[in-house]
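As a plain string of letters, each chain reads:
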Amino acid sequence: MDITTTLKIPASLKSGCVVVGLYSSGKLASSGLALDKDCSGALSAIIKQGDITGKVGQALMLHSPTGVAVDRILLVGVGDPDSCSESQYRKIIHATMSELRKSAARNAVNTLTEINVDDRDQAWKCHQISLIGIDSGYVFDAPGKNSKGKNAADDKNESKLKKMQLLVTKSEQKEATRGSRAGSAVANGCAMARDLGNLPPNICTPDYLATLAKKMGRRAEKLKVSVLGEKQMEKLGMNALLSVSRGSRQQARLIVMEYKGAAATQKPVVLLGKGITFDTGGISIKPSASMDEMKFDMCGAASVFGVVESILELQPKQNITCVVAAAENMPDGDASRPGDVVSTMSSQTVEILNTDAEGRLVLCDALTYIERFKPAAVVDIATLTGACIVALGHVGSAMMSNDDELAEDLLQASRISGDKTWQLPLWEEYHSQLDSNFADLANIGGMPAGSITAGVFLSKFAEKYPWAHLDIAGVAWNSGKAKGATGRPVPLLMNYILGR
Ligand code: BES
Ligand code: MN
Ligand code: ZN
């Protein structure tokens, strides 16, 4: 969908739909008042009838209003005239989009930009409308769904909405346009992350991801892509990473995408994604119920690809190095055993007590590998622990960090984007849970504080730079009827990058 800004809505405006706000006081927001006049009080008459009260998230579509040139007017409840929180605003935009996409409108003018949001400016509102506006139209073109000879998109009745204009004032227009473009780019990044997450694991293998990265590198001049195979990783001593892919027919890949948007002297931000394209647990095999969802165990990697997609669109003047540690965790005669001891690239040794704690094994060697980029900061993103879902449910990601400034930057990005994140501690007292009788570290720390001990494990390999870890186990995908990847935390990561 194409989204632009516009300066006014005359009564003669021809559009599929104009979206206007209605406060819970029963008063229309200013564009609504003007429209009401043009259609001789038709809006206020409908409001009086009581079908819509102005509560946040309500929506009422009015067809063929008289006296104005537009085909439809969408009334949307925007709540309290004196206060609208960010989450209320997002709820309002979600309700708007769901109504617009149910209708046959091909284009729309959105005046919800006139609703004041507590502590947020027009650029923020336009960012949110564009992000939610595009993301709400996401349809996964499932490669396995064309069996009846028709296009998957037909099945899901893809919406007709192709264009949306956001009403802004002249003095806001420049910043609003910037916000809207950023929001669109983030939505496009989310779409890529969702597509990759949703692909079946027999298609989305480590090599599939490596091939995709190379393709993106060929398309974009500023993106340099290199891929390490298992032989090269062996030479580097990345035996923890390789211990995970031992049991799989699929070869592990370390994918490096260097976006060069600034002088070579500027230290890059490095993003590192866990790319377990399927996690059976290995010899410590998982129960079979819902095991299919472990195709989503590469959603950290998918979010890193999503960020690359977004930054190629926005071309920020920064250096950003995106790394994916890709492998498949399978049981096999040659798979790693519980009790195996491996030496990592950092030369610390690890006792693998549970082959299902494989994410930290691929990430630890990648964390050592990326020292060579002399990072300004490193953020790893991983569907790392089920314990994270116990702690934060499906609402927020867990964040852990060895650097207060980086942690604060990420929390700030989380607040602005609404892509919720909460910090957990890495206190010294947890560290002994990883003691091993047979190696420098065990790869599991027992039941208590499972997300934290996973973070502590990673922290032992991230001592050379400011580092943060995002555990996205609870937020990267939805289960049940709406099963599918969410694209999170692309909004958080992009806000972090654009805020630098
Ligand atoms: N990929 C899983 C974590 C996970 C499980 C994410 C369920 C989302 C939903 C990870 O590799 C894993 O298996 N972790 C283990 C660690 C344990 C063995 C210490 C877990 O959380 O059970
Ligand atoms: Mn696992
Ligand atoms: Zn896993």
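Structural data are supplied above this passage.
Structural notes, computed from the coordinates. Numbering of residues begins from 1 in every chain and follows the order in which that chain's sequence is written. All chains are assigned letters beginning at A, and all ligands numbers beginning at 1, according to the order in which they are written. For this predicted model, a pLDDT threshold of at least 70 governs which residues receive local features, and a threshold of 80 or more governs which side-chain atom pairs are given and counted, while totals over whole chains, interfaces and linings are taken from all residues. Only hydrogens and water are removed before side-chain values are computed, so all heavy atoms of the structure are retained for them.

1. A word on the coordination of the manganese ion (ligand 2)
So, point 1. Within the protein, the manganese ion (ligand 2) binds to Asp279 (OD), Asp356 (O), Asp356 (OD) and Glu358 (OE); these donor distances fall in the range 2.0 to 2.2 Å.
So, point 2. A donor here means any N, O or S atom no more than 2.8 Å from the metal (3.2 Å for Na, K and Ca); water is not included, so a site may seem to lack partners. Angular criteria define each label, namely tetrahedral for four donors with all angles between 85 and 135 degrees, square planar for four and octahedral for six donors with opposite donors over 155 degrees apart and remaining angles between 65 and 115, and irregular for whatever fails these tests. Around the manganese ion (ligand 2) sit six donor atoms, and with donor-metal-donor angles ranging over 70 to 167° the site reads as irregular.
So, point 3. The metal-metal distance between the manganese ion (ligand 2) and the zinc ion (ligand 3) is 3.1 Å, with Asp279 coordinating both.
So, point 4. When its relative accessible area of 22% is taken as the criterion, Asp356 is described as partly exposed.
So, point 5. Per-residue accessibility, obtained with a 1.4 Å probe over protein chains only, is compared with the maximum for each type, and a residue is labelled buried under 20%, exposed over 50%, and partly exposed between these values. Look at Glu358 and you get buried, because its relative accessible area is 1%.

2. Regarding the site of ligand 1
So, point 1. By convention in this text, a residue qualifies as near a molecule or strand provided that one of its non-hydrogen atoms is within 4 Å of it. Around ligand 1 lies a shell of 17 residues, among which Lys286, Asp297, Asp356, Glu358 and Gly386 are the nearest.
So, point 2. Here a polar contact is recorded for every N or O atom pair within 3.5 Å, except that within protein the pair must consist of a potential hydrogen donor and a potential acceptor, and residues adjacent in sequence are included only if both atoms are side-chain atoms. Asp356 is positioned such that a nitrogen or oxygen atom in its side chain is 2.7 Å from an oxygen atom of ligand 1.
So, point 3. A distance of 2.8 Å is found between an oxygen atom of ligand 1 and a side-chain nitrogen or oxygen belonging to Glu358.
So, point 4. The accessible surface values rely on the Shrake-Rupley method and a 1.4 Å probe; as for residues, cover is taken only from the protein chains in view. If ligand 1 stood free it would expose 520 Å²; the protein chains cover 78% of that surface.

3. Structural notes on the pattern of salt bridges
So, point 1. Basic side-chain nitrogens of Lys or Arg form a salt bridge, by our definition, when they fall within 4 Å of a carboxyl oxygen of Asp or Glu. On inspection of all chains with the given rule, the structure shows 19 salt bridges.
So, point 2. Ionic pairing is found between Asp419 and Arg488, a salt bridge with its closest N-O pair at 2.6 Å. Of this pair, Asp419 sits in the loop between helix 13 (404–417) and strand 15 (421–423) while Arg488 sits in the loop between strand 19 (484–485) and helix 15 (490–498), and the two are 69 residues apart along the sequence.
So, point 3. Taken together, the salt bridges that share partners define one network made up of Glu86, Arg90 and Arg120. Counting from the N terminus, the helices are the DSSP runs of H or I reaching at least four residues and the strands are the DSSP runs of E reaching at least two.

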